[in-house]
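One letter stands for each residue in the lines below.
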Amino acid sequence: MSVFTAAIDPSVCAPLPVLGQDVTVPLVTGGEVTYAALDYAASAPALQRVWDDVAAYAPYYGSVHRGAGYLSQLSTDLFENSRRTVAEFLGCRAEDQVVFTRSTTDSLNLLAAAIPAGCQVFVYETEHHASLLPWRDAQVTYLNAPRTPGQAVETLERALADRDPYGPALVCVTGASNVTGELWPVKELAAAAHAHGARIVLDAAQLAPHHPVDIAELDVDWVAFSGHKLYAPFGSGVLAGRADWLQAAEPYLAGGGASRKVARRADGGVEVDWHTTAARHEAGSPNVIGVYAIASACKALTDAGFDSLVAREQELVGRVRAGLAEVPEVQVLSLFGDDAPRVGVISFVVRGWNSSHFAAALSAEYGIGVRDGLFCAHPLVRTLLGSDPQDPGECGAPEAEPGERSLNAIRVSFGAGTPDEHIDRFLRAVTELVREGAQWKYRTEDGRCVPDRGTAAQV
């Protein structure tokens, strides 16, 4: 059985086939429309190729590393081949380890549990909560939101130069913002970190699906990302990079698979010899299908030609930004300015609209799925909106009524599977809602803005 199905023709990459592209949804105004999935930054639709690969493997499912039978051996080979595929996708160095986890959040919590005693952690307030919050047992310095890439590097250099006492240090930074889509100067930040004796971990959850990530070229120490944002629809993630801190730390989970030998001691206790490989932090029966799905997605993106995928996405980014710029009531959120390079993630607010009301109308009246809220990056969105830290507003739960100003924003995100029609429909919908208003009345129910069924707006 082949580990992967036939390669995608490199010339066919715009857009890539994804699951759900023909799903229709009802409109509150009547009828149905093909669903426009524009919430890739939360979870990208699965590539059809990934689904086909997983379906082809499913009859051969077996427990890895523990069986002498054919299916167990085949599954073990597939699992470890997937590890090598991910390492190649990330440009890992020969000595790097690839540890499979549940998600980016899980990966960064694993690393947080492995940092040496006394380690100082430096993290920008602009981070997603997955990389902002795991460092509870460390001495953490939160860095203010920079307004230029150069300022990001300067801020980090000053903070590292001022640290006292001098000892182990770790910098955590995003590769692409999950709010603005802006690319961060990762290579320059890595150079600054290493110049001051610190290490750096890259949160690539939003970068890896949109842009090549090369650990060696960027010179970062670790990379973390999630499968469900990389067109692999299962609960799996990756932490890849240097092995020494991971090998020195206690296993993230204690149990079977993490141990090489367990024996009773004379005093009645238990003596454990832990693995020094990635298995040290992969206790229990692993998510083989999820791991294989990640590897399949890595292979599919590589075979499709990342340069072509990036070029097409940049065309979509330019089209969305140009379309939104034609609506004066729309304010696009940005840290680094209009000229900053970015991936297909754009957040905005609309003057005179509650963001949750606007997102609800896009869904109910146009069949467009976007996200509203603070996107699990509360400090960043509050900074971009100029709000006081004590002002109301929380991720995905609007307090304002429809029509009232809210402290949330709207996020549209897209990628390799997005058809042109979805972008066109989104821009048309934004323009019509701003100029003509919603066709339906909405109310807040269980923390969400929803259509008031049977009550059309007076237009």
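Here the structure is shown first, and the text comes after it.
On a predicted model such as this, the values are computed, not experimentally measured, just so you know.

1. A few points about the overall build of the protein
Phase 1: In terms of regular secondary structure, the protein is built from 13 helices and 19 strands.
Phase 2: For 459 residues, the compact-globule estimate of 2.2 N^0.38 gives 23 Å, and the protein sits close to it at 23 Å.
Phase 3: Taken along the three principal axes of its C-alpha coordinates, the protein extends 80 × 55 × 45 Å.
Phase 4: Of all 459 residues assigned to the protein, the portion counted as buried reaches 55%.
Phase 5: For the protein, long-range pairs separated by at least 24 residues make up 71% of all intrachain contacts whose partners lie at least 6 apart in sequence.
Phase 6: Carbon together with sulfur atoms contributes 50% to the accessible area of the protein, which is approximately 19,000 Å² in total.
Phase 7: Looking at charge distribution, the protein has the averaged site of its 36 positive side-chain charges lying 3 Å from that of its 56 negative ones.

2. Examining the sheet that holds strand β13 (residues 330-332)
The strands making up a sheet associate through hydrogen bonds between their backbones, and the pairing can be parallel or antiparallel.
Phase 1: Strand order in this open sheet of 4 strands is β13-β14-β17-β16, and the pairing throughout is antiparallel. Two strands in the sheet have a free side with no partner beyond their single neighbour: β13 and β16 (371-373). Between one strand and the next, the sheet's axes are offset by a mean angle of 30°, whatever the strand orientation.
Phase 2: Contacts from helix α10 (residues 306-325) reach β13, β14 (345-350) and β17 (409-413) within the one sheet, and its direction differs from that of β14 by about 10°.

3. Topic: the side chain of Ser75
Phase 1: Along the chain, Ser75 turns up in helix α2 (residues 70-89).
Phase 2: Ser75 sits in the buried class, given a relative accessible area of 0%.
Phase 3: Polar contacts involving the side chain of Ser75 include one to the side chain of Tyr57, which spans 2.8 Å.

4. Some remarks on the environment of Ala41
Phase 1: Considering the arrangement of structural elements, one finds Ala41 in the loop between β3 (36-37) and α1 (48-57).
Phase 2: With relative accessibility at 2%, the residue Ala41 sits in the buried group.
Phase 3: Filtering out sequence-adjacent residues up to four positions away, Ala41 remains in contact with Gln206, Lys229, Val345, Arg411 and Ser413.

5. Some points on unusual backbone geometry
Phase 1: Unlike most non-glycine residues, Tyr231 shows phi in positive territory, near 70°.
Phase 2: Assignment of secondary structure puts Tyr231 in the loop between β9 (222-226) and β10 (237-241).

6. A word on the nonpolar core
Phase 1: With 86 residues, the main nonpolar core has Leu90 and Phe225 as its most contacted residues.
Phase 2: Looking at this core, the element that brings in the most residues is helix α9 (residues 288-304), giving 10 residues.
Phase 3: Look past the residues within four positions of Leu90 in its chain and what remains in contact with it is Val213, Asp214, Ile215, Val223, Phe225, Val238 and Ala240.
Phase 4: Ranked by size, the runner-up nonpolar core spans 36 residues in total, among them Leu38, Val317, Val327 and Phe348.

7. A few points about helix α3 (residues 104-114)
Phase 1: Along α3, 8 of the 11 residues are buried, which leaves the element largely enclosed by surrounding structure.
Phase 2: Among the residues of α3, those classed as buried are Thr104, Asp106, Ser107, Leu108, Leu110, Leu111, Ala112 and Ala114.
Phase 3: In this structure Ser103 caps α3, since a side-chain oxygen of it lies 3.4 Å from the backbone nitrogen of Thr105.

8. Topic: the pattern of salt bridges
Phase 1: Considering all chains together, one arrives at 23 salt bridges under this definition.
Phase 2: Across the salt bridge formed by Arg49 and Asp303, the nearest N and O atoms sit 3.2 Å from each other. You can see Arg49 sitting in helix α1 and its partner Asp303 sitting in helix α9, a full 254 residues away along the chain.
Phase 3: Sharing partners across several salt bridges, the network here consists of Arg199, Asp221, Arg242 and Asp244.

9. Regarding the sheet that holds β10
Phase 1: If you trace the 7 strands from one edge of the open sheet to the other, you get β4-β10-β9-β8-β7-β5-β6, paired in mixed fashion. Of all strands in the sheet, those with a lone pairing partner are β4 (97-101) and β6 (139-143), marking the two edges. Across the sheet, the mean angle separating the axes of adjacent strands is 20° when strand polarity is ignored.
Phase 2: Looking at chain direction, strand β8 (residues 199-203) and β9 are connected through 3 bridges and run parallel. Across the sheet, Leu202 pairs through a bridge with Val223, a residue of β9.

What counts as what
Residues numbered from 1 in each chain as written. Predicted model: local features only at pLDDT ≥ 70, side-chain atom pairs only at ≥ 80, totals over all residues. Heavy atoms only, no water. Helix = DSSP H or I, 4+ residues; strand = E, 2+ residues; numbered from the N terminus. Rg over C-alpha atoms; globule rule 2.2 N^0.38 Å. Buried < 20%, exposed > 50% of the residue type's maximum accessible area, 1.4 Å probe, protein only. Contact = heavy atoms within 4.5 Å. Areas by Shrake-Rupley, 256 points an atom, 1.4 Å probe, with all protein chains shown as cover. Lys, Arg positive; Asp, Glu negative; His and termini not counted. Charge placed at Lys NZ, Arg CZ, Asp CG, Glu CD. Pairing = 2+ DSSP bridges. Axes fitted to C-alpha atoms, helices over the stretch in contact; angles between N-to-C directions. Polar contact = N/O pair within 3.5 Å; in protein donor to acceptor, adjacent residues only side chain to side chain. Core = buried A, V, L, I, M, F, W, Y, C linked by side-chain atoms within 4.5 Å. Salt bridge = Lys/Arg side-chain N within 4 Å of Asp/Glu carboxyl O.

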